[in-house]
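Spelled out, the chains give:
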Amino acid sequence: MIRHLLSGADLDAATATRILDTAAEMATVAGREVKKLPALRGRTVVNLFYEDSTRTRISFEAAAKRLSADVINFSAKGSSVAKGESLKDTALTLQAMGADAVVVRHPASGAAHRLAEWVDGSVVNAGDGTHEHPTQALLDAYTMRSRLGRLAGLSVAVVGDVLHSRVARSNVLLLSTLGAKVTLVGPPTLIPVDIAAALAPDTTVCYDLDAVLPTSDVVMMLRVQRERMTDSYFPSAREYARRYGLDGPRMRRLPEHAIVMHPGPMNRGMEITPEVADSPRSTIVEQVANGVSVRMAVLYLLLGGNNA
Ligand code: NCD
C-alpha cells in the first residue's frame, strides 16, 4: 500500500480498486446502530485545515472516529498560524505529538507534498490550492460505480471552472486510470490549454455543453470558484448559466440512466438549477455519504489496518 495520498496519480488501478472495494465494506458500518470499528484504536489522525471546508473536514473527522482513532482538529483560524507560524513549524509540532496521519487542506498548490517531506506519518491531501483533491475523486468514482455498476468505458463530462478545480484534476487522473473517458467542458477561458495532454492524453475538451449531453453517462458540474478568480473569465453570471449551467431542459437531453454529480458547495442557479440538484438523477447527497466510507477506507489502508 502507498504511504501518502497526495495525488490521483499516486493510485494505480489495483490500488484504487482496493480502496473502492474496502469503502464498500466500510459502508456497511454506516448502516449499523453502532457505527464504529476498532481498527485504528490508539492511532492519532490530525485534520489540518488552512482553508474553509464543510463536507471534507466533517467527513474526515467522521471517518477517523468511526475507525476509533483519536482525532485532533486543527484549523488555521485561532491557532499560531494566525501569528505567522510556518507550515513547516506546524508540521514539526504535529510530528512531536505523534500524529500517525495528517489530513491537510491548504490554499497553496503543493502544500501537501511539502508536508509529506517533513512528517513521519501518512499525509492525505484534502485539497491543495487549485491542484488536487484525490479523496474527492475516489468518492466520485465510488458513487459512479455504485450507481452505474462500472467505471471502465463510462463517458464522464466534467463541466465548468476546470481552471481552478482540484476536483477536476484529480478526477481526470483517477478516471483515466480506471478506464473511463473524460471530456472537459467549459468556456475556453476556464479550461487550461494543455490540461488534457498534461494529465491524461485520452481526455478530450469541448466548449459546447449541449453537444456532449446526449452521449454522457455522468455529468459532473463544478463550482464556479469566484474566490480564486483574479480576472473576469466570463461576461456575467447569467451568461455563464445560459451556456454552461445545467437546467431541467438540458438534463432531459441526457440518456435515461445518466447521473448528475457536484462536489459541493453549489452555486444554485449558476452552474446547476435547484430542479436538477434536487432531482432523482442527482447524486449530490450520496456523494457526501460515500465520502465517509471512502475516507475510512483510505485511512484504514494507509495506516496499515489489517497489515495492508
Ligand atoms: C471542493 C473543494 O473544496 O475543492 N469541494 C469539496 O471538497 N467538496 C470543490 C469546491 O470548492 O468547489
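Residues numbered from 1 in each chain as written. Predicted model: local features only at pLDDT ≥ 70, side-chain atom pairs only at ≥ 80, totals over all residues. Heavy atoms only, no water.

**Here we look at the overall build of the chain**
Part 1 of the argument: Per the secondary structure count, the chain includes 12 helices and 9 strands.
Part 2 of the argument: Taken against the 2.2 N^0.38 rule, which gives 19 Å for 308 residues, the C-alpha radius of gyration of the chain at 19 Å falls within 12% of a compact globule.
Part 3 of the argument: Referenced to the eigenvectors of the C-alpha coordinate spread, the extents of the chain come out at roughly 55 × 45 × 35 Å.
Part 4 of the argument: Within the chain, buried positions represent 56% of all 308 residues.
Part 5 of the argument: Expressed as a percentage of contacts within the chain between residues at least 6 apart in sequence, the contacts between residues at least 24 apart total 74%. (Helix = DSSP H or I, 4+ residues; strand = E, 2+ residues; numbered from the N terminus. Rg over C-alpha atoms; globule rule 2.2 N^0.38 Å. Buried < 20%, exposed > 50% of the residue type's maximum accessible area, 1.4 Å probe, protein only. Contact = heavy atoms within 4.5 Å.)

**Observations regarding the site of the ligand**
Part 1 of the argument: Surrounding the ligand, one finds T56, R105, H133, Q136, R166, V167, R223, Q225, P263, G264 and P265.
Part 2 of the argument: With respect to the ligand, the side chain of H133 contributes an N or O atom lying 2.8 Å from an oxygen atom.
Part 3 of the argument: One of the side-chain nitrogen or oxygen atoms of R166 is found 2.6 Å away from an oxygen atom of the ligand.
Part 4 of the argument: Within the complex, 94% of the 310 Å² of free accessible area of the ligand lies under protein.
Part 5 of the argument: Placement of the ligand is best described as lying within the largest pocket.
Part 6 of the argument: Class assignment for the residues of the shell around the ligand results in 3 nonpolar, 5 polar and 3 charged. (Near = heavy atom within 4 Å. Polar contact = N/O pair within 3.5 Å; in protein donor to acceptor, adjacent residues only side chain to side chain. Areas by Shrake-Rupley, 256 points an atom, 1.4 Å probe, with all protein chains shown as cover. 1 Å grid on protein atoms, 1.4 Å probe; cavity = no way out; pocket = protein on both sides within 12 Å on 5 of 7 lines; lining within 4 Å. Sits in = over half its atoms within 2 Å of the grid points. Nonpolar A, V, L, I, M, F, W, Y, C, P; charged D, E, K, R; others polar.)

**Concerning the UniProt feature "binding site: carbamoyl phosphate" (unreviewed entry) in the chain**
Part 1 of the argument: Listed under "binding site: carbamoyl phosphate" (unreviewed entry) in the UniProt record, and renumbered for this structure, are R55, T56, R105, H133, Q136, G264 and P265. Those annotated residues lining the largest cavity are, specifically, R55 and Q136.
Part 2 of the argument: Examined against the element boundaries, H133 turns out to sit in the loop between strand 4 (122-128) and helix 5 (134-148).
Part 3 of the argument: Here G264 shows up in the loop between strand 9 (259-261) and helix 11 (274-277). (UniProt positions renumbered as here; feature names shortened; annotations may be inferred.)

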